[in-house]
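Descriptive structure summary
Below are the chains, spelled out letter by letter.
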Amino acid sequence: MDSLAGQIIIFIYCILTAFIAYGIDIFSVSSVVMVVLSVILSSLSYSLLNKYFTFISSGLYGIISLVFPGFIIMSPLILYNTASFKGWQVLFVFIIFITGLLAHYIAASPLAFCMVLLGIILAFYMQYIQLKLNSLVFKFNRNRDDSTEQAILLKSRNQSLLEKQDYEIYNATLKERNRIAREIHDNVGHLLSRSILLTGALKAVNKDESFKESLDNLHETLDQAMTSIRESVHNLHDDSVNLEEAARNIVNNFNFCQAELTYDMGTDVPREIKFSFISILKEGLNNIYKHSNATKTSILLREHPAMYQLVIKDNGTTAGNINNSGIGITNISSRVDMLHGSLQIHTNNGFCIFITIPKP
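The structure reproduced in this document is the subject of the present report. (Residues numbered from 1 in each chain as written. Predicted model: local features only at pLDDT ≥ 70, side-chain atom pairs only at ≥ 80, totals over all residues. Heavy atoms only, no water.)

**Observations concerning the overall build of the protein chain**
Helices and strands together make up the secondary structure of the protein chain, namely 10 helices and 5 strands. Across the protein chain, every contact between residues at least 6 apart in sequence was considered, and the portion connecting residues at least 24 apart equals 71%. For the protein chain, the accessible area works out to roughly 21,400 Å², and carbon and sulfur atoms hold 61% of it. (Helix = DSSP H or I, 4+ residues; strand = E, 2+ residues; numbered from the N terminus. Contact = heavy atoms within 4.5 Å. Areas by Shrake-Rupley, 256 points an atom, 1.4 Å probe, with all protein chains shown as cover.)

**Focus: helix H8 (residues 243–252)**
Those residues of H8 not exposed but buried are Leu-243, Glu-244, Ala-247, Ile-250 and Val-251. All buried residues of H8 lie within an arc of 130° about the axis, which places them on one face of the element. (Buried < 20%, exposed > 50% of the residue type's maximum accessible area, 1.4 Å probe, protein only. Arc of directions from axis to C-beta.)

**Focus on a nonpolar patch on the surface**
Judged by side-chain polarity, Leu-4, Ile-8, Ile-12, Leu-16, Phe-19, Ile-20, Tyr-46 and Leu-111 come together as a nonpolar surface patch covering roughly 740 Å² of accessible area. Among the elements that make up the nonpolar patch, the one with the highest residue count is helix H1 (residues 3–22) (6 residues). With respect to the element layout, Leu-16 can be found in helix H1. Owing to a relative accessible area of 45%, Leu-16 belongs among the partly exposed residues under this scheme. (Patch = residues over 30% accessible without salt bridge, like charges linked within 9 Å, V, L, I, M, F, W, Y side chains within 5 Å. Salt bridge = Lys/Arg side-chain N within 4 Å of Asp/Glu carboxyl O.)

**Regarding helix H3 (residues 51–67)**
The terminal C-alpha atoms of H3, which comprises 17 residues, lie 25 Å apart, in line with the 24 Å expected from a rise of 1.5 Å per residue. Inspection of H3 places Thr-54, Phe-55, Ser-57, Ser-58, Gly-59, Tyr-61, Gly-62 and Ser-65 among the buried residues, and these make up the whole buried set. (Expected span 1.5 Å × (residues − 1).)

**Here's the deal with unusual backbone geometry**
The phi angle of most residues is negative, glycine excepted, and most peptide bonds adopt the trans form. Here His-340, not a glycine, exhibits a phi torsion of approximately 60°, which is positive. Take His-340: it is sitting in the loop between helix H10 (327–338) and strand S4 (342–346). Since its relative accessible area comes to 68%, His-340 is described here as exposed.

**Topic: the side chain of Ser-75**
Among the structural elements, Ser-75 can be located in helix H4 (residues 75–82). Since its relative accessible area comes to 0%, Ser-75 is described here as buried. The contacts of Ser-75, once residues within four sequence positions are left out, are Tyr-61, Phe-97, Val-116 and Ile-120.

**Quick word on the sheet that holds S4**
Taken in spatial order, the 5 strands of this open sheet run S1-S2-S3-S5-S4, and their pairing is mixed. Here the strands that pair on one side only, and so sit at the sheet edges, are strand S1 (258–264) and S4. Each neighbouring strand pair of the sheet contributes to a mean axis angle of 10°, computed without reference to strand direction. Here 5 bridges tie S4 to strand S5 (residues 351–358), and the two strands are oriented antiparallel to one another. Bridging across to S5, His-346 finds its partner in Cys-352. Sheet contacts for helix H9 (residues 271–291): strand S2 (296–303), strand S3 (307–314) and S5; angle to S3, the most-contacted strand, approximately 10°. Packing against the sheet, H10 makes contact with S4 and S5, and its axis sits at approximately 20° to S5. (Pairing = 2+ DSSP bridges. Axes fitted to C-alpha atoms, helices over the stretch in contact; angles between N-to-C directions.)

Right under this line is the structure:
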């Protein structure tokens, strides 16, 4: 039950009190004035929710009811909004109405006195219940909001932990690939190299023609195995490159000016794009070192749904003098063309290399 419904109930009770206890003609001028005035004051108090307006209007209505006793019939409706506030003013207004009620009706009309007094008690009780309900609703909404906020925060933390876990697994996988590549290169590769040398020596000293074909086949097989091992090691090494780690190492070792890296890419970046971005980043920072008087450089590596993006920007005032046909820019342009990407160079407010590579 909200406050408006409570007012309607109290209003109906006041009208019934007028009929039962007083037998008042509700359509008379004085009755209409009484009802209209009480409804207006009650509606304004409900709409404005202003403590001082409610106290002043209730006090004035109470004074009017002292002069015109019939107005006290609607006192429960007036006091209903007053009961929603706290303070000595509530007691003062209540005393005014009780004084008028005692002065005019306790002896003249006991029934009217009891019904009006019961209406006042009902108004205060209903307002008390309403305030308790509002307090419970407020606590419920606050707890719900806190729970929702905690759920969102927990979800965000879980997502962060999952991303961190995925990154650690990815990083561990790359390190294991590097280890395997080193093991193959240092152990199997050396054994195969030794076998090839021994086979070559046997071929050189062999005088028996019946073993020549077998030794040639053995030598060719070992060469093929060595080639296969080299390709495997090369692929493992290339796949084990961590683009973010490599980019951060390059930026951290760039001491010419302040450099800031923003990395927002996944872990499944194609190998060709990894090495191209690493080479382009080195070339771009080298250009800044040679040609710019920049004091700050920003690097952005970002993955979009349909493309990869690399942006190198500095605030140098002489960076715009870099020749776009120079070796550094030409090398960058060649790498971008090989990946079917686009290269844009801006010289406003510094020097900016903007590269986009479409996803396969």
